[in-house]
Amino acid sequence: MTGRIHSFQSLGTLDGPGVRFVVFLQGCHLRCGCCHNPDTWAISGGKEYTVEEVLNRVVRCRAYFGAHGGVTVSGGEPLLQAEFVRELFARCRAEGIHTCLDTSGTILTPAAKDLLAETDRVLLDIKYTSEELYRAHVGGSLADVLAFLDHLNERGIATTLRQVIIPGLNDNADNIRALKAIAAVHACVDKTELLPFKKICQTKYDELGIPFPFAAYPTPTKETMQALNAILAK
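Predicted model, so just to flag it, every value in this text is computed and none were measured.

### Side note on the overall build of the chain
No. 1: Across its full length, the chain carries eight helices and eight strands.
No. 2: Here the chain has a C-alpha radius of gyration of 17 Å; the compact-globule value for 234 residues is 17 Å, and the two agree.
No. 3: Projected onto the principal axes, the alpha-carbon positions of the chain cover approximately 45 × 45 × 35 Å.
No. 4: For the chain, the residues scored as buried account for 48% of the 234 residues in total.
No. 5: Long-range contacts, defined as pairs at least 24 residues apart, comprise 69% of the intrachain contacts of the chain with a sequence gap of at least 6.
No. 6: One finds the centroid of the 24 positive side-chain charges in the chain at a distance of 4 Å from the centroid of its 26 negative side-chain charges.

### What about the layout of surface pockets?
No. 1: If you add up the space inside the largest pocket, you get close to 1200 Å³.
No. 2: The wall of the largest pocket is formed by 36 residues, among which H36, N37, D102, V164 and L195 lie closest to the centre.
No. 3: When contributions to the lining of the largest pocket are tallied by element, the ones reaching two or more residues are β1 (2–12), β5 (98–103), β7 (158–165) and β8 (189–196).
No. 4: Tallying contributions element by element places β1 first for the lining of the largest pocket, with four residues.
No. 5: Of the residues assigned to the lining of the largest pocket, the class counts are 14 nonpolar, 13 polar and nine charged.

### Concerning the pairing of β1
No. 1: Across four bridges, the pairing between β1 and strand β3 (residues 47–50) is antiparallel. Across the sheet, the residue bridging to G3 is Y49, located in β3.
No. 2: Strand direction decides the pairing type here: β1 and strand β2 (residues 20–25), joined by five bridges, are antiparallel. From the neighbouring strand, S7 faces β2, where its bridge partner is F24.

### Digging into helix α5 (residues 142–155)
No. 1: If you check α5, its first and last C-alpha atoms are 20 Å apart, about what 14 residues at 1.5 Å a residue would give, namely 20 Å.
No. 2: Along α5, the residues classified as buried are L142, V145, F148, L149, H151 and L152.
No. 3: N-cap assignment for α5: the residue whose side-chain oxygen lies 3.1 Å from the backbone N of A143 is S141.

### A few points about the sheet that holds strand β4 (residues 70–74)
No. 1: Strand order in this open sheet of eight strands is β3-β1-β2-β4-β5-β6-β7-β8, and the pairing throughout is mixed. Lying at the two open borders of the sheet, with one neighbouring strand each, are β3 and β8. Strand-to-strand twist of the sheet, defined as the mean angle between neighbouring strand axes without regard to direction, takes the value 30°.
No. 2: Contacting β1, β2, β3, β4 and β5, helix α2 (residues 82–94) runs over the sheet at an angle of about 155° to β5.
No. 3: Together, β7 and β8 form the strand contacts of helix α6 (residues 173–184), whose direction differs from that of β7 by roughly 170°.

Parameters and conventions
Residues numbered from 1 in each chain as written. Predicted model: local features only at pLDDT ≥ 70, side-chain atom pairs only at ≥ 80, totals over all residues. Heavy atoms only, no water. Helix = DSSP H or I, 4+ residues; strand = E, 2+ residues; numbered from the N terminus. Rg over C-alpha atoms; globule rule 2.2 N^0.38 Å. Buried < 20%, exposed > 50% of the residue type's maximum accessible area, 1.4 Å probe, protein only. Contact = heavy atoms within 4.5 Å. Lys, Arg positive; Asp, Glu negative; His and termini not counted. Charge placed at Lys NZ, Arg CZ, Asp CG, Glu CD. 1 Å grid on protein atoms, 1.4 Å probe; cavity = no way out; pocket = protein on both sides within 12 Å on 5 of 7 lines; lining within 4 Å. Points joined across faces, edges and corners; volume = space filled by probe spheres on them. Nonpolar A, V, L, I, M, F, W, Y, C, P; charged D, E, K, R; others polar. Pairing = 2+ DSSP bridges. Expected span 1.5 Å × (residues − 1). Polar contact = N/O pair within 3.5 Å; in protein donor to acceptor, adjacent residues only side chain to side chain. Axes fitted to C-alpha atoms, helices over the stretch in contact; angles between N-to-C directions.

From the geometry alone we can't say anything about function, so treat these as descriptive.
See the structure below:
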């Protein structure tokens, strides 16, 4: 079995607990205005690797994982290649390596459910707490994400909620309270992270010759992030 892969990161520290070997898969069906990786959109892009080839890379780094690290598969959207990721995760778990899935949670097919059976933790990106904003700036549905989260809860899969804070869209108390409410009714959620929107990806859009939809949005201030995190922590 092969998968289309955009790139690897051997010692990631921002993609799940501990030190992670991160696999960025190629292909995404969403078009988020704040996307940092437009070069992963095309499903036909990237390079094909077998499960064995990826596993060999992971195993070579396992000495750095410690007690809490492991492998994280991100994207793009890894659920578009659920069969490949399921096989990779099954092999990793057989090696005693912790598995983490970084996803938008908008796909809940039988193949995705099979993948979750081999997943230790999910990083779930809840981009907005409004269906209107999802439709306008993601091209997907909040309802689909919540259905995915319900399934994670039913299976008891440890989940980290993540949200990128974008001034003028979701940098407000009502949004954070709504995010807290979502976490509160899902026992599987043991952590919620707020990430500041950044525009370091502008060069990628320039190189691809396409406009960056959120170029006009600023990066949130340190004070804004502190205030929103304070609401989250109450």
